[in-house]
Amino acid sequence: MAETVEVLVPGGKATAGPPLGPALGPLGINVKAVVDDINKKTAEFNGMQVPVTVTVDDKKNFTIEVGIPPTTALVMKEAGITKGSTEPGALVAGDLPLEAAVRIARMKFDGMLSYDLKSAVKEVLGTCVSVGVTVEGKKPREMIQAVNDGEYDGVLVA
């Protein structure tokens, strides 16, 4: 029977320590080989927390599936910040171009509850509210209203 381990690791910087080592050690596989493989596959997400699923079969063979980082991490990377605002709504931590919000929405679309790109972009803009990031210099809620009003329909064509 296959064993599955799901963890969040720093992109490109996973180690054999917690949370990976203690979860993989009892399965009897080469933890260093798994960590090296994870680091290769997550290198492009350097500095972000990345969900990783390691599946180990009966013969001690392992497969690694790398998920997409949380929307918050993608927004912060695109906005060029390392930390969100301490007071979202009052203090601005950074600014995100609308094109970046659209790119994030397309990247995360399969895992979102949205049925179309417009709704997915509004979900990303909602995350901007929580992080304290403005979008094209506007407050995210104003931008969501502008998207609802159809001002950006040309950009939001799937």
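Structural data are supplied above this passage.
In this text the structure is predicted, and so the values were computed from the model without any measurement.

A. Structural context of the overall build of the chain. A count of helices and strands for the chain gives six helices and five strands. Along the chain direction, N to C, the helices and strands of the chain fall in the order β-α-α-β-β-α-β-α-α-β-α. Taken along the three principal axes of its C-alpha coordinates, the chain extends 55 × 30 × 20 Å. A buried classification covers 41% of the 158 residues belonging to the chain. Intrachain contacts of the chain at a sequence separation of at least 6 include 56% that bridge at least 24 residues.

B. Structural detail: the nonpolar core. In terms of nonpolar packing, the biggest core is built from 48 residues, with Leu24 and Ile38 touching the most fellow members. Per-element accounting of this core gives the leading share, seven residues, to helix α5 (residues 117-131). Those residues in contact with Leu24 that lie beyond four places of it in its chain are Val5, Ile29, Val31, Val34 and Val54.

C. Expanded view of unusual backbone geometry. Across the junction of Pro18 and Pro19, the peptide omega takes the value 5°, indicating a cis bond. Relative to the assigned elements, Pro19 resides in the loop between β1 (3-10) and α1 (20-24). In the Ramachandran plot, Lys60 falls in the positive-phi region, its phi being about 70° despite a non-glycine side chain. Looking at where Lys60 falls in the secondary structure, it is placed in the loop between β2 (49-56) and β3 (62-66). Of the residues examined, Lys60 reaches a relative accessible area of 46% and is grouped as partly exposed. At Glu136, a position not held by glycine, the phi torsion is positive, near 55°.

Calculation rules
- Residues numbered from 1 in each chain as written.
- Predicted model: local features only at pLDDT ≥ 70, side-chain atom pairs only at ≥ 80, totals over all residues.
- Heavy atoms only, no water.
- Helix = DSSP H or I, 4+ residues; strand = E, 2+ residues; numbered from the N terminus.
- Buried < 20%, exposed > 50% of the residue type's maximum accessible area, 1.4 Å probe, protein only.
- Contact = heavy atoms within 4.5 Å.
- Core = buried A, V, L, I, M, F, W, Y, C linked by side-chain atoms within 4.5 Å.

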